[in-house]
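Chain by chain, the residues run as shown.
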Amino acid sequence: MDPVPKKKKSVSSKQDKSQAGSVKSKKQLPPGEILEQQNSQHDLQIDEPQQHDPFIPPPIQTQIKVCIHHNLPFQFFCEACEDPICQQCTILGPHNTQLHRINRLSDSFKLRCAKIEESIKANLLGKREQLLAQIHRIEYRIEEIKYVKTIIERDARAEFGGVLERLKQSEGQKLAILSHEISELQRDLDKINEVGSQFYDLKEIPDPCPFLLKSRNIYDQIEYMVAKPFKVQIDVYPYDLPRELTELRLQLQRASAQQQLIEFKNEIIWKLLSEKQIDEEVIKQELERQASEEITEWSKLVDKFSLELKKQQLVCYYCGCKMEKQYVNSICAQNRQDQDNDKVFCNEQPPQNYHGTGRHYFSDPIL
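In what follows, the accompanying structure is described. On a predicted model such as this, the values are computed, not experimentally measured, just so you know.

### What to know about the overall build of the chain
The helix and strand inventory of the chain stands at eight helices and five strands. Walking the chain from its N terminus toward its C terminus, one meets helices and strands in the order α-α-β-β-α-β-α-α-α-α-β-α-β. Counting over 367 residues, the chain shows a buried share of 24%. Taking the contacts inside the chain whose residues are at least 6 apart along the sequence as the reference set, 62% of them involve residues at least 24 apart. When the accessible surface of the chain is split by element, carbon and sulfur atoms take 54% of a total near 26900 Å².

Here it is in structure tokens:
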């Protein structure tokens with residue numbers, strides 16, 4: 001029975017020593033390598049679960065990402081496809097044409113890292129400062145609203161409870177609008193901080209592949225955040241909160257004067273309406289009289305001009321037809337040699353040589 005405990009003691013001592021050695025080795029490693037080793041262990045456990053001795057810690061393994069086409073480690077990065085590739089991809093394909101811009105992993109990492117860092121410093125940090133300043137302005141405006149509200153509340157508390165209730169509702173609406181604006185600005189601010197943190201976290205990882213795979217997404221997020229507008233004007237003001245108590249006092253003071261003014265205006269309006277009715281009747285009668293006289297005068301003028309027109313109308317001496325276009329150049333049936341001109345239609349007689357020519361002779365009619 002004695003050998004068994006000794007064996008257990010030796011196993012436990014080996015376990016303690018191995019654990020101490022692993023802890024000591026972990027302490028000596030830099031944080032970036034520890035994080036990479038933990039990620040690689042996690043990937044290996046997911047891909048190929050292995051059985052280890054429970055008394056011996058598993059060895060630290062690093063996973064090297066390889067090309068899916070040639071099973072070789074990544075050495076280059078295709079800027080057109082935004083994919084890490086191996087050397088054989090540039091020779092055998094699919095990245096062996098002039099359409100693909102190939103750079104080394106380190107060069108692409110440095111180039112994109114510098115581009116995103118410059119964009120963050122040039123644009124995103126300025127936008128962040130603007131959002132912070134806008135939040136401070138809104139917070140200051142909120143304090144102003146609360147201050148003005150307390151002054152109005154102090155004056156109205158002794159008079160009406162309903163005034164206070166409506167005041168609180170107005171304040172709540174204003175604060176809700178401003179709080180919503182703050183939440184929108186804070187959301188944009190958190191997004192900016194998230195983009196910056198994501199960039200610097202990926203930058204610290206020794207393997208450039210995760211950064212290169214997410215660099216386009218990070219750059220698009222930066223462009224989106226820089227281009228996204230935010231409301232600068234604060235449309236909510238504290239000085240339009242309801243001051244019903246002050247307005248009520250002024251209304252009570254002006255009530256009697258307004259009543260007297262209303263009665264005086266009513267009297268003036270009534271007098272004006274009465275005078276207007278009288279004036280309307282007089283004007284109506286005068287207009288009717290003038291219209292009747294005007295119509296009589298026009299009737300006389302019509303009769304006079306119709307008589308004058310009849311006098312000026314010419315007719316044929318022989319047949320009596322009117323001087324119209326259809327008779328001017330036509331033959332007169334009554335103007336013949338064998339025709340006796342017993343009946344004439346004009347006062348003026350035509351010349352003797354005109355008789356029997358068969359033509360019309362127009363002159364003034366006999367009235």
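### What to know about the packing of helix 4 (residues 105-156) against helix 5 (residues 161-204)
One way to put it is that helix 4 packs onto helix 5 with a least axis distance of 9 Å and a crossing angle of 165°. As the angle between them shows, helix 4 and helix 5 are arranged roughly antiparallel. Crossing angle aside, the handedness with which helix 4 passes helix 5 is left-handed. The residue inventory of the contact of helix 4 with helix 5, partitioned by class, reads 25 nonpolar, four polar and 13 charged.

### Regarding the sheet that holds strand 3 (residues 102-104)
Taken together, the three strands give an open sheet; going across it, the order is 2-1-3, and neighbouring strands pair in antiparallel fashion. The two strands at the open ends of the sheet, each matched to only one other strand, are strand 2 (83-85) and strand 3. Each neighbouring strand pair of the sheet contributes to a mean axis angle of 35°, computed without reference to strand direction. Direction of pairing for strand 1 (residues 76-78) relative to strand 2: antiparallel, over a ladder of three bridges. If you follow C78 over to strand 2, its bridge partner there is D83. Against the sheet, helix 4 makes contact with strand 1, strand 2 and strand 3, and its axis sits at roughly 90° relative to strand 3, the strand it touches most.

### Focus on a nonpolar patch on the surface
Judged by side-chain polarity, L261, F264, I268 and L272 come together as a nonpolar surface patch covering roughly 380 Å² of accessible area. By the secondary structure assignment, L272 is in helix 7 (residues 244-312).

### Considering unusual backbone geometry
Unusually for a residue other than glycine, E82 sits at a positive phi of about 60°. With respect to the helices and strands, the residue E82 is situated in the loop between strand 1 and strand 2. Under the relative-accessibility criterion, E82 is labelled buried at 18%.

### Looking at the nonpolar core
Nonpolar side chains tend toward joint burial in soluble globular proteins. Membership of the largest hydrophobic core comes to 42 residues, with the highest contact counts inside it found for I116 and F211. At the level of elements, strand 1, helix 4, helix 5 and helix 6 (208-227) are the ones that each hand at least two residues to this core. When residues of this core are assigned to their parent elements, the largest contribution, 13 residues, is made by helix 4. Not counting chain neighbours up to four residues away, the residues in contact with I116 comprise F199, F211, S215, I218, Y219 and I222. Counting residues in each nonpolar core, the second largest holds 10 residues, with C316, Y318, C321 and Y361 among its members.

### What to know about the pattern of salt bridges
If you walk through the whole model with that rule in mind, you get 14 salt bridges. Among the salt bridges present, the one from K203 reaches E117, with a minimum N-O distance of 3.4 Å. With K203 in helix 5 and E117 in helix 4, this residue pair connects regions lying 86 residues apart in the sequence. The buried category is assigned to E117, whose relative accessible area is 18%. A salt bridge links E153 to K149; the shortest N-O distance between them is 2.9 Å. On the criterion of helical spacing, the pair formed by E153 and K149 is a turn pair, its members being four residues apart in helix 4. Per residue, the accessibility class of E153 equals that of K149, and both read buried. One network of salt bridges, with partners in common, ties together E79, E82, R112 and R216.

### Structural notes on a negative patch on the surface
Together, E275, D279, E280 and E281 give the surface a local cluster of negative charge. On the basis of relative accessible area, E281 is assigned to the partly exposed category, the value being 48%.

### A word on the side chain of S363
By the element assignment, S363 lies in strand 5 (residues 362-363). Of the residues examined, S363 reaches a relative accessible area of 5% and is grouped as buried. S363 has contacts with Q313, L314, V315, C346 and E348, leaving out every residue within four places of it along the chain.

Reading the values: rules and limits
Residues numbered from 1 in each chain as written. Predicted model: local features only at pLDDT ≥ 70, side-chain atom pairs only at ≥ 80, totals over all residues. Heavy atoms only, no water. Helix = DSSP H or I, 4+ residues; strand = E, 2+ residues; numbered from the N terminus. Buried < 20%, exposed > 50% of the residue type's maximum accessible area, 1.4 Å probe, protein only. Contact = heavy atoms within 4.5 Å. Areas by Shrake-Rupley, 256 points an atom, 1.4 Å probe, with all protein chains shown as cover. Axes fitted to C-alpha atoms, helices over the stretch in contact; angles between N-to-C directions. Parallel < 35°, antiparallel > 145°, perpendicular 65-115°, else oblique. Left-handed = near helix turned anticlockwise from the far one by under 90°. Nonpolar A, V, L, I, M, F, W, Y, C, P; charged D, E, K, R; others polar. Pairing = 2+ DSSP bridges. Patch = residues over 30% accessible without salt bridge, like charges linked within 9 Å, V, L, I, M, F, W, Y side chains within 5 Å. Salt bridge = Lys/Arg side-chain N within 4 Å of Asp/Glu carboxyl O. Core = buried A, V, L, I, M, F, W, Y, C linked by side-chain atoms within 4.5 Å. Lys, Arg positive; Asp, Glu negative; His and termini not counted. Charge placed at Lys NZ, Arg CZ, Asp CG, Glu CD.

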